[in-house]
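Structure at a glance
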Amino acid sequence: MTRVIETKNLSKSYGKTQVLKNIDLTIEEGEFTAVMGPSGSGKTTLMNALSTIDNFTGGDVLIEGKSLLDLKRKALREFRQKRMGFIFQDYNLLETLTVKENILLPLAMQKTPVLQMEERLGKLVEALNIESILPQYPSEISGGQKQRTAAARAIITNPAIVFADEPTGALDSRSATQLLEQIQLLNKTFGTSVLMITHDPYAASYCRRVIFLRDGKIVNEMFKGEQTEKEFFDRILTIQSAIGGDQR
């Protein structure tokens, strides 16, 4: 399998405080992976370093075999736009654009031909069941629909990887379940790698692999295999209790 992300001795410090400590991590093409850990474990710092939102102070990050250290600022920005997708807890939708326009915005910025844009849009909105809300504005739709819109926008560029930062954090349990099922479906249907930061074992149970951080280090990882969400959820809870972290 193709390695989408590989880190080598990845470290990040703020002043004298080392937040990430020599992390070696590999994300393969098509994986759906969660990163969990107690508050202050380095989850968000790791995602920011992998996604080029923030720099790192030691080691290296390779995405599709390309070292981030070798990319200049402009090349890094273009690489982020074309090869990465993002789903944030607060949606980050533009209120002055319709749902359709929000989803197509990344392709419009890349000057993608209209026919190709419409073709990609059709496949995504069908999978996410959001055809009926395409003409509406973000203020006119529910939180769950906003997050599905954000998911479509993240994946429409055919990125190498989608980073999801607590995507269910602002949703009720029903909307959260729907979103997780649809991200799971997108992962299986389109083969897009997804790396999700979460403190919620329920959300993590939809992933194929869970990585646990504590004090800036990887302390455990679990693979779902043939387990059901419920069986995997129970195992995640056990590890989470052992290393510390929110229980929800």
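Preceding this paragraph is the structure being described.
Residues numbered from 1 in each chain as written. Predicted model: local features only at pLDDT ≥ 70, side-chain atom pairs only at ≥ 80, totals over all residues. Heavy atoms only, no water.

Concerning the sheet that holds strand 8 (residues 193–197)
The condition is simple: When DSSP locates at least two bridges between a pair of strands, those strands are taken to pair. To qualify as a helix, a DSSP run of H or I must reach at least 4 residues; to qualify as a strand, a run of E must reach at least 2; elements of each kind are numbered from the N terminus. Under this scheme, a helix contributes an axis fitted over its contacting stretch, all axes are lines through C-alpha atoms, and angles between N-to-C directions fall in the 0 to 180 degree range. Any pair of residues with heavy atoms lying within 4.5 Å of one another is described as a contacting pair.
Judged by pairing direction, the sheet is mixed, and its 6 strands sit side by side in the order 6-7-8-3-9-10 without closing on themselves. At either margin of the open sheet sits one strand with a lone partner, and together these are strand 6 (84–88) and strand 10 (217–223). Taking the axes of each pair of neighbouring strands and ignoring which way they run, one obtains an average angle of 20 degrees across the sheet. Sheet topology note: the strand 3 (residues 32–36)/strand 9 (residues 209–214) ladder contains 4 bridges and is parallel. When the bridges of strand 9 are listed, Val 35 appears paired with Ile 211. Where helix 8 (residues 229–243) meets the sheet, its contacts fall on strand 3, strand 9 and strand 10, and the angle it forms with strand 9 comes to roughly 10 degrees.

Overview of helix 5 (residues 143–155)
Inclusion rule: One fewer than the residue count of a helix, multiplied by 1.5 Å, yields its expected span. Here the term buried applies to any residue with accessible area under 20% of the maximum for its type, exposed to any over 50%, and partly exposed to those in between, with areas from a 1.4 Å probe on protein chains only.
Look at helix 5: 19 Å from first C-alpha to last across 13 residues, which is about the 18 Å you get at 1.5 Å a residue. Counting buried positions along helix 5 gives 11 out of 13 residues, so the element sits mostly inside the fold. Every buried residue of helix 5 is listed here: Gly 144, Lys 146, Gln 147, Arg 148, Thr 149, Ala 150, Ala 151, Ala 152, Arg 153, Ala 154 and Ile 155. Residues of helix 5 that are buried make contact with strand 6, helix 3 (99–109), helix 4 (114–128), strand 7 (161–165) and helix 6 (173–190).

As for the nonpolar core
Where we set the bar: In these notes, a set of buried Ala, Val, Leu, Ile, Met, Phe, Trp, Tyr and Cys residues joined through side-chain atoms within 4.5 Å is what counts as a nonpolar core.
With 46 residues, the main nonpolar core has Ile 87, Ile 103, Met 196, Val 210, Phe 212 and Ile 236 as its most contacted residues. What Ile 236 contacts, discounting residues up to four positions off in sequence, is Met 36, Pro 201, Ala 204, Ser 205, Val 210, Phe 212 and Met 222. Core analysis: the next-biggest nonpolar cluster, separate from the first, contains 27 residues, Phe 56, Ile 63, Phe 79 and Phe 86 among them.

Observations concerning the layout of surface pockets
Under the convention used in this document: Cavity means a closed set of points on a 1 Å grid over the protein atoms alone, one where a 1.4 Å probe fits but cannot get out, pocket means an open set with protein on both sides within 12 Å along at least 5 of 7 lines, and lining means a residue has an atom within 4 Å of a point. Grid points are joined across faces, edges and corners, and a volume is the space filled by probe spheres set on the points. When residues are sorted by character, Ala, Val, Leu, Ile, Met, Phe, Trp, Tyr, Cys and Pro go into the nonpolar class, Asp, Glu, Lys and Arg into the charged class, and all the rest, Gly among them, into the polar class.
Approximately 490 Å³ is the volume attributed to the largest pocket. Forming the walls of the largest pocket are 17 residues, and the residues nearest its centre are Gln 81, Phe 86, Pro 106, Met 109 and Arg 153. Of all the secondary-structure elements, those providing two or more residues to the lining of the largest pocket are helix 2 (73–83), strand 6, helix 3 and helix 5. Residue contributions to the lining of the largest pocket peak at 4 residues, all from strand 6. A class-by-class count of the residues in the lining of the largest pocket yields 9 nonpolar, 5 polar and 3 charged.

A closer look at the side chain of Asn 187
Just so we agree on the cut-off: Here a polar contact is taken to be a pair of N or O atoms separated by no more than 3.5 Å, where protein atoms must pair a possible hydrogen donor with a possible acceptor and residues adjacent in sequence count only if both atoms sit in side chains.
By the element assignment, Asn 187 lies in helix 6. Residue class for Asn 187 comes out buried when judged on its relative accessible area of 3%. A polar contact is formed between the side chain of Asn 187 and the backbone oxygen of Thr 192, at a distance of 2.8 Å. Polar side-chain contacts of Asn 187 include one of 2.8 Å to the side chain of Arg 208. Each residue touching Asn 187, except ones within four places of it in the same chain, is listed here: Gly 30, Glu 31, Phe 32, Thr 192, Ser 193, Val 194 and Arg 208.

Comments concerning the packing of aromatic side chains
Going by this rule: Only the six-membered ring of Trp is used, alongside the rings of Phe and Tyr, when aromatic pairs are assigned; centres must lie within 6.5 Å, and planes under 30 degrees apart are stacked while those over 60 apart are edge-to-face, with the rest tilted.
Evaluation of the coordinates by the stated rule reveals 3 aromatic pairs. The interplanar angle of 0 degrees and the centroid separation of 5.8 Å between the aromatic rings of Phe 86 and Phe 88 together place this pair among those described as stacked. Relative accessible area serves as the criterion here: at 15%, Phe 86 is assigned to the buried category.

So, the pattern of salt bridges
Pairing between side chains becomes possible if they bear opposite charge and their charged atoms approach one another. Applied cut-off: A carboxyl oxygen of Asp or Glu within 4 Å of a side-chain nitrogen of Lys or Arg is what we treat as a salt bridge.
Under the definition given, this model contains 9 salt bridges. For Glu 119, the salt bridge is made with Lys 123, and the minimal N-O distance between the two is 4.0 Å. In this pair, Glu 119 and Lys 123 both sit in helix 4, 4 residues apart, roughly one turn of the helix.

Function cannot be read off these values alone, since they describe shape.
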